[in-house]
Amino acid sequence: MSWGRWYFAVQAVAGAAWWAAVFTVPAVRTATLGSVQPVLVALADVPLFVVASALAAAGVRAAAVVATVWTAVVMAALAVWATVTTEAGVGVLVMIGATVGSVLALALVLLGRIPTEWVTSGPLRFRTADPDAGRRRHVLGTTLQIVVFWGLFLGVFPLAIAFAEHRWQLHPPLPGPVVVVSIATGAVVLVAASALGIASAAAMSTQGAGTPLPSAMPNRLVIAGPYRSVRNPMALAGIAQGVAVGLLLTSWTIVVYALAGSIVWNCIVRPLEEDDLEHRFGDDFRRYAAQVRCWVPRWPIPASAPADAISPPRR
């Protein structure tokens, strides 16, 4: 069987085992369903989740679609229920994981692969910035991007996650000294990571004739500033910032959110971005990638880049 079908097979077994525990172990029922009547949910969930997952594992593609859609519906409904009643927070986390797994498995069943290229389609399609635009325009565009993206990914989304963590009763009580250390560490890391992110963005907009946004990428390969030490300083800064915000808010779910984002970026976005860089800059990028690591900075940092390290893309 394909990996997608294997996933649905495991999901069918896990779903059956969970329902057995719901009806026999009160603690499981309370943690995952709260005060919801399990019989009513089982009447729909057993055929649409457990049986449909089993049929998907057997090769019935329509069943894979049914199981995935139903899983997403249950996840959304349970999230609303948990937010309103403060019950079943653990159940929401389980269903979020099941939804993500089902979507990926469905892609494998229907397409035979996970279409990662969709991430860089539409408004995020790889395009270079206007080469005739002045440096000021690139700097202003980069500044606007920082304000918007940091505001969303380091402000709005983490606050929503922290709210859900507390509302779903997933936030463990922490001793006072632990809270103080967490906040202090988060503040230090956030300042350092933000400085790294700003320095990286400045190097890209002033040296590369472009911005960090995929739809306005630099026209030149940038090996200046933090890029002399590590290939992905902005991504490294973003991950550290996310973890720092989690520490500031003493939220383990925000830390997980940041780490999950790093996995998505490393496994999906980075390969696409580096393929594009290799296509546009050829040997220059290959030499750079051979000398500078992806995530672990080299030390000491070279005083300057090689003379031929910053070059225009190949026509």
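Residues numbered from 1 in each chain as written. Predicted model: local features only at pLDDT ≥ 70, side-chain atom pairs only at ≥ 80, totals over all residues. Heavy atoms only, no water.

Peer 1: Before we go on, may I ask you to explain the nonpolar core in this structure?
Peer 2: Nonpolar side chains tend toward joint burial in soluble globular proteins. With twelve residues, the main nonpolar core is built from Ala203, Met204, Leu221, Val222, Ile223, Ala224, Tyr227, Leu277, Phe281, Phe285, Tyr288 and Val292. Those elements that provide at least two residues to this core are α7 (176-207), α9 (252-281) and α10 (283-291). Those residues in contact with Tyr288 that lie beyond four places of it in its chain are Ile223, Tyr227, Val230 and Arg231. (Core = buried A, V, L, I, M, F, W, Y, C linked by side-chain atoms within 4.5 Å. Buried < 20%, exposed > 50% of the residue type's maximum accessible area, 1.4 Å probe, protein only. Helix = DSSP H or I, 4+ residues; strand = E, 2+ residues; numbered from the N terminus. Contact = heavy atoms within 4.5 Å.)

Peer 1: Could you clarify how one ought to interpret the environment of Thr185 in this entry?
Peer 2: Tracing the backbone through its elements, the reader meets Thr185 in helix α7. Exposure remark for Thr185: the relative accessible area of 35% places this residue in the partly exposed category. Sequence separation of Thr185 and Pro218 is 33 residues, and the distance between their C-alpha atoms is 34 Å.

Peer 1: Can you walk me through the packing of helix α4 (residues 61-85) against helix α5 (residues 89-111) in this structure?
Peer 2: Each packed pair of helices is defined by two parameters, the angle between the axes and the distance between the axes. α5 packs onto α4 with a crossing angle of 155° between their chain directions and a minimal axis gap of 8 Å. Considered as vectors, α4 and α5 are oriented roughly antiparallel to each other. Where α4 crosses over α5, the two elements pack in a sense that is left-handed. Of α5, the residues touching α4 (which contributes Arg61, Ala64, Val65, Thr68, Thr71, Ala72, Val74, Met75, Leu78, Ala79 and Ala82) are Gly89, Gly91, Val92, Met95, Ile96, Ala98, Thr99, Ser102, Val103, Leu106, Val109 and Leu110. For the contact of α4 with α5, the per-class residue count stands at 16 nonpolar, six polar and one charged. (Axes fitted to C-alpha atoms, helices over the stretch in contact; angles between N-to-C directions. Parallel < 35°, antiparallel > 145°, perpendicular 65-115°, else oblique. Left-handed = near helix turned anticlockwise from the far one by under 90°. Nonpolar A, V, L, I, M, F, W, Y, C, P; charged D, E, K, R; others polar.)

Peer 1: Please explain the UniProt feature "transmembrane region" (unreviewed entry) in the protein chain as it appears in this structure.
Peer 2: Annotation from UniProt places "transmembrane region" (unreviewed entry) at residues 40-58, 65-84, 90-111, 144-164, 176-199 and 235-260. The span residues 176-199 shows a helical share of 100% and a strand share of 0%, and its end C-alpha atoms are spaced 35 Å apart. (UniProt positions renumbered as here; feature names shortened; annotations may be inferred.)

Peer 1: Even after reading the chapter, I still don't get the packing of helix α6 (residues 135-167) against α9, so can you show me in this structure?
Peer 2: Running from N to C, α6 and α9 point in directions that differ by 135°, and their axes come no closer than 8 Å. Here α6 lies oblique to α9, going by the angle between them. In this structure, α6 crosses over α9, and the sense of that crossing is right-handed. Contacts from Phe153, Phe157, Pro158, Ile161, Ala162 and Glu165 in α6 reach Trp252, Thr253, Ile254 and Tyr257 in α9.

Peer 1: What's the story with a nonpolar patch on the surface in this structure? I'm lost.
Peer 2: The grouping of Leu144, Val147, Val148, Phe149, Leu152, Phe153, Val156 and Phe157 at the surface amounts to a nonpolar patch, some 680 Å² of accessible area in total. Mapping Phe149 onto the fold places it in helix α6. Looking at Phe149, the relative accessible area reads 34%, which means it is partly exposed. (Patch = residues over 30% accessible without salt bridge, like charges linked within 9 Å, V, L, I, M, F, W, Y side chains within 5 Å. Areas by Shrake-Rupley, 256 points an atom, 1.4 Å probe, with all protein chains shown as cover. Salt bridge = Lys/Arg side-chain N within 4 Å of Asp/Glu carboxyl O.)

Peer 1: How should I be thinking about α9 in this particular structure?
Peer 2: Side chains three or four residues apart in an α-helix point the same way, a direct result of the helix having 3.6 residues per turn. The end-to-end C-alpha distance of α9, which contains 30 residues, comes to 40 Å, matching closely the 44 Å that a straight helix rising 1.5 Å per residue would cover. Within the sequence span of α9, burial applies to Thr253, Ile254, Ala258, Ser262, Val269, Arg270, Leu272, Glu274, Asp276, Leu277, Arg280 and Phe281. (Expected span 1.5 Å × (residues − 1).)

Peer 1: Got a minute to help me understand the side chain of Gln145 in this structure?
Peer 2: Among the structural elements, Gln145 can be located in helix α6. Its relative accessible area of 13% is what places Gln145 among the buried residues. Once residues lying within four places of it in the same chain are set aside, the contact partners of Gln145 are Trp150, Thr211, Pro212 and Leu213.

Peer 1: Hey, could you run me through the side chain of Asp45 in this one?
Peer 2: Structurally, Asp45 can be placed in helix α3 (residues 38-57). Lacking a salt bridge, the buried Asp45 has Arg29 as its closest oppositely charged neighbour, with an N-O distance of 14 Å. Other than its neighbours up to four places away in sequence, Asp45 contacts Trp18, Trp19, Val50, Trp70 and Val74. (Lys, Arg positive; Asp, Glu negative; His and termini not counted.)

Peer 1: Is there a simple way to explain the pattern of salt bridges in this structure?
Peer 2: Two side chains carrying opposite charge are able to pair once their charged atoms lie near each other. One pass over the full model with this rule turns up eight salt bridges. Residue Arg113 is joined to Glu117 by a salt bridge in which the shortest nitrogen-to-oxygen separation is 2.9 Å. We note a salt bridge from Asp284 to Arg287, for which the minimum N-O separation is 2.4 Å. Residue Asp284 and its partner Arg287 are both found in helix α10; the two are separated by three residues, about one turn of the helix. For Asp284, a relative accessible area of 15% gives the class buried.

Peer 1: Which parts of the structure should I look at to understand the state of the cysteines?
Peer 2: Formally, a disulfide is one covalent bond, and it connects the sulfur atom of one cysteine to the sulfur atom of another. Counting across every chain of the model gives zero disulfides. The thiol of Cys267 is not disulfide-bonded; the next cysteine sulfur, from Cys294, is found 11 Å away. (Disulfide = S-S within 2.5 Å.)

Peer 1: Looking at this model, I keep getting lost on the environment of Phe163. Mind explaining?
Peer 2: Along the chain, the position of Phe163 falls in helix α6. The spatial distance from the C-alpha of Phe163 to the C-alpha of Thr83 is 9.2 Å, given a sequence separation of 80 residues.

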